[in-house]
Amino acid sequence: MTPEEAWRALDLDLADYLAKKGQKPSCRAGCFACCFGLVTLSRLEGEALLPHLTEAQRGRILQEGPGRLALLAQGKEEADFPSRFFRSRTPCPFLEEGLCGVYPYRPLACRGLLTAGDPALCAPEALAPKGHFLPVPWRMAHRKMEALWEEEERRYGFVVIGEMVSLLYLLLQGLPPGRQEVEALLEAWGVLGGRWGFQLIPL
Ligand code: SF4
């Protein structure tokens with residue numbers, strides 16, 4: 001399965017599931033509270049996204065990448081790192097005038113985060129109640145991620161999973177081919193392992 005196939009399949013599966021359940025997500029164009037969160041993806045999705053970036057988007061990744069890596073290095077062991085990051089309201093570099101600038105190529109993690117509740121509860125300071133984000137769509141997205149990880153392992157021998165901006169930055173710099181070199185690179189940035197740092201699979 002390619003990332004493009006996984007994106008299409010998830011969109012179709014989600015539409016089918018939501019129609020059968022009679023659930024109508026309240027997610028709308030121009031609603032972007034969730035775009036302040038940490039987004040994680042693996043190398044294959046990153047590689048599929050990169051060719052579609054505009055010069056300006058590539059520029060923002062190159063500009064923001066080192067800062068994200070440094071933040072990750074500082075916070076990767078801390079239990080509340082993602083919620084602190086969310087509340088810092090640091091927008092995704094692809095958020096452009098309230099819209100996703102890479103919408104057709106956005107990661108599975110973005111596609112699977114849906115709510116049928118009050119969009120105001122998605123805001124970083126709102127502390128969304130349990131169940132606010134629909135659990136089944138998220139699990140469906142996760143299953144597609146796992147299928148891509150299997151494909152990535154077949155292709156490269158190992159899987160690299162990490163925060164989106166950091167991983168795209170490293171891909172733009174040129175990720176080395178071998179696992180040991182990738183491990184050394186991630187160690188050098190201080191972002192390998194921990195609760196929220198990069199993961200290599202198999203571990
Ligand atoms: S990739 Fe698009 S949908 Fe995902 S966080 Fe960024 S702006 Fe939002």
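Rules behind the numbers
- Residues numbered from 1 in each chain as written.
- Predicted model: local features only at pLDDT ≥ 70, side-chain atom pairs only at ≥ 80, totals over all residues.
- Heavy atoms only, no water.
- Helix = DSSP H or I, 4+ residues; strand = E, 2+ residues; numbered from the N terminus.
- Contact = heavy atoms within 4.5 Å.
- Core = buried A, V, L, I, M, F, W, Y, C linked by side-chain atoms within 4.5 Å.
- Buried < 20%, exposed > 50% of the residue type's maximum accessible area, 1.4 Å probe, protein only.
- 1 Å grid on protein atoms, 1.4 Å probe; cavity = no way out; pocket = protein on both sides within 12 Å on 5 of 7 lines; lining within 4 Å.
- Points joined across faces, edges and corners; volume = space filled by probe spheres on them.
- Nonpolar A, V, L, I, M, F, W, Y, C, P; charged D, E, K, R; others polar.
- Polar contact = N/O pair within 3.5 Å; in protein donor to acceptor, adjacent residues only side chain to side chain.

Undergrad: Now, about the side chain of histidine 132: what can you tell me, with residues and values included?
TA: Tracing the backbone through its elements, the reader meets histidine 132 in the loop between helix 5 (108-111) and helix 6 (135-156). Filtering out sequence-adjacent residues up to four positions away, histidine 132 remains in contact with Leu114, Thr115, Ala116, Gly117, Asp118, Leu121 and Cys122.

Undergrad: Describe the nonpolar core, listing the residues and the values that go with them.
TA: One finds Phe94, Val160, Met164, Leu168 and Phe198 to be the most contacted residues of the largest nonpolar core, which totals 45 residues. Every element with two or more residues in this core is listed here: helix 1 (3-21), helix 2 (43-49), helix 3 (55-75), helix 5, helix 6, strand 4 (159-163), helix 7 (164-173) and helix 8 (179-189). Looking at this core element by element, the count peaks at seven residues for helix 7. Ignoring anything within four residues of it in the chain, the contact list for leucine 168 reads Gly46, Leu49, Leu50, Ile61 and Phe94.

Undergrad: How would you sum up empty space enclosed by the protein? Please name residues and give values.
TA: With the rule as written, the count across this model stands at one cavity of 30 Å³ or more. One number sums up the size of the largest cavity: a volume of about 40 Å³. As for the largest cavity, its lining consists of 14 residues, of which Gly37, Arg68, Cys92, Glu163 and Met164 are closest to the centre. Classifying every residue of the lining of the largest cavity gives 10 nonpolar, two polar and two charged.

Undergrad: Help me get a handle on helix 7, residues and values and all.
TA: Most of helix 7 is tucked away: eight of the 10 residues are buried. Those residues of helix 7 that fall on the buried side of the exposure criterion are Met164, Val165, Ser166, Leu167, Leu168, Tyr169, Leu170 and Leu171. Where helix 7 is buried, its residues contact strand 1 (40-42), helix 2, helix 3, strand 4 and helix 8. Where helix 7 starts, the residue carrying a side-chain oxygen 3.2 Å from the main-chain nitrogen of valine 165 turns out to be glutamate 163. Just beyond helix 7, the residue with positive phi is glycine 174, at close to 100°.

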